[in-house]
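# Architecture at a glance
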Amino acid sequence: MRYEILEKDLQNIKSDASVTFVIGKDLEHKWIDKKLFENLKFDGEDAVLISDGLQIFVGCKSIEDEELRLGAAKAYSLLKTTKAKSVKIGCYLGKCKFLSMKAIVEGFELGSYEYDRYKTQKSTKTLELVQISTESYDEKQIELKDLQEAIDTGLAMATSTNYAKDIVNTPPQDFTPLTMADEALKLAEAKNVTCEVYDEKFLEKEKMGSFLAVNRASALPPRLIHLTYKPENPKKRIIFVGKGLTYDSGGLSLKPSTSMVTMKADKSGAAAVLGIIKGVSELNLPFEVHGIIGATENMIGGNAYKPDDVLTARNKKTIEVRNTDAEGRLVLCDCLDYAQDFKPDLLIDMATLTGACVVALGEFTNGILGLNEELQQEFFQVSKKSGELTTPLYTNRYLEATIKSEIADVCNISNSRYGGAITAGAFLSHFIRDEYKDKWLHLDIAGPAFVERVWGYNQFGASGAGVRMNLNYLLQLAKAV
Ligand code: BES
Ligand code: ZN
Ligand code: ZN
């Protein structure tokens, strides 16, 4: 969709359709025809489409970003039922630092996403143009520069998220570790982005025994992908690490068949890393941002790694394997160790790491784990504005003790049935060097990454979890430095 700013009042813009957000049931507003609404029994909640002039009215509880995103997505789904090629909207000014138009653009773009690569009948999209009038809902004066920036930011956020969705939605036979590497190399065409792809020989040289073990029974080789975005005079160095399991069968600790379905989405952490790199380049952020991905499948076979094996990780620690389905942490621990060689000011890993996180938080919420409670809190507060739901999960000495091993330095699963999201985080913390313990966050995105029952503006399939909350955090950080 194209977004165009017009310095005209709404009624002077010619468009196929119009969308008006009705804020907090404010039916007295000049943009609202109260009489018409009474006849329609529309009280400012939900949405209506009036066929005369294709006018859409959407109720939003408030002008908070998430309300506008939900409203815009709802408006889009009504527009989709029409043949409108253009639609006009007025301006909405939020309380927060960004103009709310950022959220409206996000709502339109996220709501319009469809994955039809494998449908012989492709859906056709008629809507091409969104015309934004500078006339505002609360009659404040709009700075054109701010408005354009809000639109551009919303677009970058949403297109990076939709890009991550495409990656996650692609079936495992067509999105392998090699495809992931090709995708990353393509991304290196973006401004200030470079990419290195490393194969199994590199992993052997680097003594990534843990990562290599997970890959062993796969017919496909692993890839370690290292993307770098480097603008001039970067203010900080931020490293993202992503779990890129292009398929997780569970390995010899095989998943039950119903749990195996959707495991193409076990590459969501990696997809988020790719989406973030795309986003930071589009947003021209003033940080050096690295994206490190461990890409492999977790399969079965005569050469598979086994429960009872003891692996040696890159940092020389030994790991007792008691469950080959707890493979994500085995890939991440070597990638995290590699990442720390590049001296990050902030280190964030993302992974669909545990079913336990989904049990604990529900399928809508991401877990924020780590060893620095203040950093977890700060990330939580900032993420609230992004539209992604998060909750900090804190560790303690007793949960940490549950991954002790009798024969190795650490065990890859806990000896307790409970607290699995936190014990997975505790496992990763064994691979974080002392100097980075305060600078590290682990985001468990297992719940929201893949949507099986439609919610909010998320369609069936991937939601692009991890992209928006991190881009938002970086935008916030950019304002602070
Ligand atoms: N990829 C899964 C986690 C997962 C489960 C993601 C459901 C999304 C939805 C991960 O590799 C896994 O299988 N974890 C195990 C860990 C267990 C063996 C300690 C799990 O959560 O059951
Ligand atoms: Zn697994
Ligand atoms: Zn997994």
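Residues numbered from 1 in each chain as written. Chains lettered and ligands numbered in written order. Predicted model: local features only at pLDDT ≥ 70, side-chain atom pairs only at ≥ 80, totals over all residues. Heavy atoms only, no water.

### A closer look at the overall build of the chain
For clarity, the cut-off: The helix count covers DSSP runs of H or I at least four residues long, the strand count covers runs of E at least two residues long, and both are numbered beginning at the N terminus. Residue contacts are counted whenever heavy atoms from the two residues lie within 4.5 Å of one another. Each accessible area is a Shrake-Rupley estimate made with a 1.4 Å probe; only the visible protein chains count as cover when residues are assessed.
Within the chain, the regular secondary structure consists of 15 helices and 19 strands. Viewed in the frame of its principal axes, the chain has a C-alpha envelope of about 75 × 45 × 45 Å. In the chain, the proportion of contacts linking residues at least 24 apart, taken out of those at least 6 apart, comes to 77%. For the chain, the exposed surface amounts to about 20500 Å²; the carbon and sulfur share of it is 49%.

### Quick look at the coordination of the zinc ion (ligand 2)
Heads up, the condition is: Excluding water, the donors of a metal are its N, O and S neighbours within 2.8 Å, or within 3.2 Å for Na, K and Ca, and that exclusion means sites may look incomplete. Here a site with four donors is tetrahedral if all angles are between 85 and 135 degrees, and a site with four or six donors is square planar or octahedral if opposite donors are over 155 degrees apart and the other angles are between 65 and 115; anything else gets the irregular label.
Around the zinc ion (ligand 2), the protein contributes the donor atoms Asp-248 (OD), Asp-325 (O), Asp-325 (OD) and Glu-327 (OE), which lie 2.0 to 2.2 Å from the metal centre. The coordination sphere of the zinc ion (ligand 2) comprises 6 donor atoms, whose angles at the metal cover 72 to 168 degrees; the geometry is irregular. Mapping the donors of the zinc ion (ligand 2) onto the primary sequence yields the spacing D-x76-D-x1-E. Separating the zinc ion (ligand 2) from the zinc ion (ligand 3) is a gap of 3.2 Å, which Asp-248 spans by donating to each of them. Placement of Asp-248 in strand 9 (residues 237-248) and of Asp-325 in the loop between strand 12 (318-320) and helix 10 (328-340) is noted, with a sequence separation of 77 residues between them.

### Side note on the site of ligand 1
Definition in use: Only a single heavy atom is needed: when it lies within 4 Å of a molecule or strand, its residue is near that molecule or strand. Whenever a nitrogen or oxygen atom comes within 3.5 Å of another N or O atom, the pair is scored as a polar contact, on the condition that within protein one atom can donate a hydrogen and the other can accept it, and that pairs from neighbouring residues in sequence are kept only if both atoms are in side chains. Cavities and pockets are defined on a 1 Å grid built over the protein atoms alone: a cavity is a set of grid points where a 1.4 Å probe fits but cannot escape, while a pocket is an open set with protein on both sides within 12 Å along at least five of seven lines, and lining residues are those with an atom within 4 Å of any such point. Whether a molecule lies in a cavity or pocket depends on its atoms, and more than half of them have to be within 2 Å of the grid points. Three categories are distinguished: nonpolar for Ala, Val, Leu, Ile, Met, Phe, Trp, Tyr, Cys and Pro, charged for Asp, Glu, Lys and Arg, and polar for the others, with Gly belonging to the last.
With respect to spatial proximity, 15 residues lie near ligand 1, and among them Lys-255, Asp-266, Asp-325, Glu-327 and Gly-355 are the closest. At 2.8 Å, a side-chain N or O of Asp-325 approaches an oxygen atom of ligand 1. Taken by itself ligand 1 offers 510 Å² of open surface, and the protein chains cover 73% of this. More than half of the atoms of ligand 1 fall within 2 Å of the grid points belonging to the largest pocket. In terms of residue class, the shell around ligand 1 is made up of 4 nonpolar, 4 polar and 7 charged.

### Some thoughts on empty space enclosed by the protein
Here is the rule we go by: Grid points are joined across faces, edges and corners, and a volume is the space filled by probe spheres set on the points.
Following the criterion strictly, the structure yields 1 cavity of 30 Å³ or more and no others. Residue lining of the largest cavity: Leu-369, Gly-370, Leu-371, Leu-393, Thr-395, Glu-400, Ile-422, Gly-425, Ala-426, Ser-429 and Trp-440, and that is the complete set. Of all the secondary structure elements, the ones that give two or more residues to the lining of the largest cavity are strand 14 (365-370) and helix 14 (420-429). The leading source of residues in the lining of the largest cavity is helix 14, at 4 residues. Here the lining of the largest cavity is built from residues that sort into 6 nonpolar, 4 polar and 1 charged.

### Concerning unusual backbone geometry
A positive phi angle, close to 45 degrees, is found at Leu-54, a residue other than glycine. Structurally, Leu-54 can be placed in the loop between strand 3 (47-50) and strand 4 (55-60).

### Some points on the coordination of the zinc ion (ligand 3)
Protein coordination at the zinc ion (ligand 3): the donors are Lys-243 (NZ), Asp-248 (OD), Asp-266 (OD) and Glu-327 (OE), at 2.0 to 2.4 Å from the metal. Viewed at the metal, the 6 donor atoms of the zinc ion (ligand 3) are separated by angles of 76 to 173 degrees, and the geometry they form is octahedral. When the donors of the zinc ion (ligand 3) are listed by position in the chain, the intervening gaps give K-x4-D-x17-D-x60-E.

### Some points on the side chain of Thr-423
With respect to the helices and strands, Thr-423 occurs in helix 14. What Thr-423 contacts, discounting residues up to four positions off in sequence, is Leu-399, Thr-402, Ile-403 and Ser-414.

### Examining the pairing of strand 5 (residues 86-91)
Note the following rule: Burial here depends on accessible area, computed with a 1.4 Å probe over protein chains only, as a share of the maximum for the residue type. Under 20% is buried, over 50% is exposed, and the range in between is partly exposed. Only strands joined by at least two bridges in the DSSP assignment are considered to pair.
Burial of strand 5 is extensive: 6 of the 6 residues sit out of reach of the surface. Judged from the 5 bridges that link them, strand 5 and strand 6 (residues 129-136) form a sheet pairing that is parallel. Looking across to strand 6, one finds that Cys-91 is bridged to Ser-136.

### Thoughts on the layout of surface pockets
Here the largest pocket defines a volume of roughly 1100 Å³. No other element matches helix 11 (residues 355-361), which puts 5 residues into the lining of the largest pocket. The class makeup of the residues in the lining of the largest pocket is 21 nonpolar, 14 polar and 11 charged. Of the voids in this model, the second largest pocket is the one considered here, and its volume is about 450 Å³.

### Notes on the sheet that holds strand 11 (residues 310-312)
Sheet strands line up and pair through hydrogen bonds in the backbone, either parallel or antiparallel. Spatial ordering of the open sheet is given by 11-12-16, a layout of 3 strands whose pairing is mixed. If you trace the sheet from one side to the other, it starts and ends with strand 11 and strand 16 (410-411), each paired once. Alignment of strand 11 against strand 12, held across 3 bridges, turns out to be antiparallel. Paired with Leu-311 across the bridge in strand 12 is Ile-319.

### Some thoughts on helix 9 (residues 268-282)
Rule in force here: Any helix carries an expected span of 1.5 Å times its number of residues minus one.
Taking 1.5 Å per residue as the helical rise, helix 9 with its 15 residues ought to reach 21 Å, and the 21 Å between its terminal C-alpha atoms agrees with that figure. Taken across its 15 residues, helix 9 has 13 buried, putting it largely inside the fold.

### Some points on a negative patch on the surface
So the rule is basically this: Patches were defined on residues exceeding 30% relative accessible area and lacking a salt bridge, with like-charge contacts within 9 Å and nonpolar side-chain contacts (Val, Leu, Ile, Met, Phe, Trp, Tyr) within 5 Å. Any carboxyl oxygen of Asp or Glu that lies within 4 Å of a side-chain nitrogen of Lys or Arg is treated as forming a salt bridge with it. For this count, His and the chain ends are skipped, Lys and Arg are scored as positive, and Asp and Glu as negative. Lys charges are placed at NZ, Arg charges at CZ, Asp charges at CG and Glu charges at CD.
On the surface, Glu-373, Glu-374, Glu-378 and Asp-438 cluster together into a negatively charged patch. Looking at the secondary structure, you find Glu-378 in helix 12 (residues 373-383).

### Regarding the state of the cysteines
In protein structure, a disulfide is the covalent linkage between the sulfur atoms of two cysteines. Which entries qualify depends on this criterion: A pair of sulfur atoms, both from cysteines and within 2.5 Å, is called a disulfide here.
Enumeration according to the criterion identifies 0 disulfides in this entry. In this structure Cys-411 is a free cysteine whose sulfur lies 13 Å from that of Cys-333, the closest cysteine sulfur available. Judged by relative accessible area, Cys-411 falls into the buried class, the value being 3%.

### With respect to the packing of helix 5 (residues 177-187) against helix 9
Let me state the cut-off plainly: To obtain an axis, a line is fitted to C-alpha atoms, over the contacting stretch when the element is a helix, and the angle between two such axes runs from 0 to 180 degrees between their N-to-C directions. For classification purposes, an angle smaller than 35 degrees is called roughly parallel, one larger than 145 roughly antiparallel, one from 65 to 115 roughly perpendicular, and anything else oblique.
Between helix 5 and helix 9, whose axes approach to 11 Å, the crossing angle comes to 10 degrees. Classified by the angle between their axes, helix 5 and helix 9 sit roughly parallel to one another. Along its contact with helix 5, which presents Met-180, Glu-183, Ala-184 and Leu-187, the element helix 9 presents Ala-270, Leu-274, Ile-277 and Lys-278. The residue makeup of the contact of helix 5 with helix 9, split by class, is 6 nonpolar, no polar and 2 charged.

### With respect to the environment of Gln-377
Considering the arrangement of structural elements, one finds Gln-377 in helix 12. Through-space distance from the C-alpha of Gln-377 to that of Leu-393 is 9.8 Å; in sequence the pair is 16 residues apart. Beyond its immediate stretch of four places on either side in the chain, Gln-377 contacts Pro-392 and Tyr-394.

### Quick word on a nonpolar patch on the surface
A surface patch of nonpolar side chains, about 260 Å² in accessible area, is lined by Leu-252, Leu-254 and Ile-300. The class of Leu-254 is partly exposed, set by a relative accessible area of 45%.

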